[in-house]
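Chain by chain, the residues:
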Amino acid sequence: MRVKHSVFSKRRRGWLFILAGLAVVLRSSMDSGATEIGGKPEKAEITIAYVSPSAAFTPLFVAAEAGLFAKYGLKAKLQFLNTTVSVKGLLAEEVDFCVDGPALITPRLGGARVKYFGAYMQQFAFQIWGAKEITKLEQLKGKTVAVFTPRGAIDISTRETLKKYGLIPDSDVKFTYVQQGTPAILSGVLTGNASAGTLSAPITLEAQKAGLNLLVDIGGLKIPGLQGAYGATEKFIGNNPNTTYAFSKAMAEGIVLAKTESAVAKRAIGKYLKVDDPKILDASYDGYAPYWEMNLLVRDQVIRAELDYLDEKEFSKAKNANPREFSDNSFVENLERSGFFKSIGFVKAQ
């Protein structure tokens, strides 16, 4: 009996050893799976359009400069193209990914098969600066505000801010539109052509130096809007899922690096904005870093807000459009479930 018991014990220990080994293998497999969702990119050489030389796009710049696209098997070419050219390039298959604000909303309404599959900044981050005699936003009643293109991010965020302060856009406050960007908006205020203007970092430094008054920090109002999002055509996403996963991974890691390593982020900003002044770099980084989110899901309520901002007469389909038709969150959801985000420190705040 002792011999049988000894043999049985040895066999039992053997099975326990085998089971323990299998557990280690399975656990190792699960752990490695956290960073291996998505296979070899179908298209390794990609062209990425970004619509403005702005620090709002810092996560993209960091992903390129820190070699994160290469890390995930992509050879990325970044091109600064205005919104219209970017969308045309996307539809013509000359551009693979477009990093923008709400640039894909109206093309989608018009029938273009484009979709967002990630967003890292879903609120507006601008500031309204007033002329020296204007110290409160309420004083803009009967005055003119300088903004960028009609129904663009600066125009929309300004209108929404005025409403929050009880001012009716186009009635209480008039708008003057400039086509040369925020420097021209600042010039409009300084020359007296407008009583206030909506600016983005780092031009806000110049406004401060000129003695203008900060009336409202729009970022603090949490007005919903796509100020940092990216998308592609449905055809490209469908034909190149692994490439789309690789792009998503690089962007997520770019956000983490941009938020945790400000020096790395500022070097990338300096390269793409072509500046080396430490004060300008600081202002550029500080103006956007608080608003880069550790969550890439495109929120339905933000898409809904973008649709509601559109002119009903020009875009009659906007009112009844389904926000979910404008995005594909499956890539983000799968990366979340796989544990990839957690593995790179891309964790949503509790």
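So, how was this worked out
- Residues numbered from 1 in each chain as written.
- Predicted model: local features only at pLDDT ≥ 70, side-chain atom pairs only at ≥ 80, totals over all residues.
- Heavy atoms only, no water.
- Helix = DSSP H or I, 4+ residues; strand = E, 2+ residues; numbered from the N terminus.
- Buried < 20%, exposed > 50% of the residue type's maximum accessible area, 1.4 Å probe, protein only.
- Contact = heavy atoms within 4.5 Å.
- Axes fitted to C-alpha atoms, helices over the stretch in contact; angles between N-to-C directions.
- Parallel < 35°, antiparallel > 145°, perpendicular 65-115°, else oblique.
- Nonpolar A, V, L, I, M, F, W, Y, C, P; charged D, E, K, R; others polar.
- Pairing = 2+ DSSP bridges.

A.B. asks: Honestly, the side chain of Gln227 in this entry has me stumped. Any pointers?
C.D. replies: Mapped onto the fold, Gln227 is located in strand β10 (residues 224–233). Here Gln227 falls in the buried class, since its relative accessible area comes to 8%. In this structure Gln227 touches Ala56, Asp100, Gly101, Met121, Gln123, Phe124, Ala125, Phe126 and Tyr288, once residues within four positions along its chain are discounted.

A.B. asks: When you look at the packing of helix α2 (residues 58–65) against helix α11 (residues 262–273) in this model, what are you seeing that I'm missing?
C.D. replies: Two measures define how a pair of helices packs: the angle their axes make with one another and the distance between the axes. It is at 9 Å that the axes of α2 and α11 come closest, and there the two elements cross at 100°. Taken together, the axis directions place α2 and α11 in an arrangement best described as roughly perpendicular. Across the interface between the two elements, Thr58, Phe61, Val62, Ala64 and Glu65 of α2 pack against Val264, Ala265, Ala268, Ile269, Lys271, Tyr272 and Leu273 of α11. Looking at the contact of α2 with α11 residue by residue, the classes come out as nine nonpolar, one polar and two charged.

A.B. asks: Got a minute to help me understand the sheet that holds strand β1 (residues 45–50) in this structure?
C.D. replies: Strands in a sheet are paired, the pairing made by backbone hydrogen bonds, and the direction either parallel or antiparallel. Overall, mixed pairing links the five strands, which are arranged β2-β1-β3-β10-β4 in an open sheet. One side of each edge strand has no neighbouring strand; the edge strands of this open sheet are β2 (75–80) and β4 (114–123). Ignoring strand direction, the axes of neighbouring strands in this sheet form an average angle of 20°. As defined by bridge partners, β1 adjoins strand β3 (residues 97–100) across three bridges and the pair is classed as parallel.

A.B. asks: Looking at this model, I keep getting lost on the sheet that holds strand β9 (residues 213–217). Mind explaining?
C.D. replies: Sheet architecture is open: five strands sit in the order β7-β6-β8-β5-β9, paired in mixed fashion. At either end of the open sheet lies a strand with only one pairing partner, and these are β7 (174–177) and β9. The mean inter-strand angle of the sheet, taken between neighbouring strand axes irrespective of direction, is 30°. Both strand β5 (residues 127–130) and strand β8 (residues 196–199) contribute to a ladder of four bridges, which runs antiparallel. Its bridge partner being in β8, Gly130 is matched across the sheet by Ala196. Running over the sheet, helix α6 (residues 153–164) touches β5, β6 (144–147), β7, β8 and β9 and is turned about 165° from β7.

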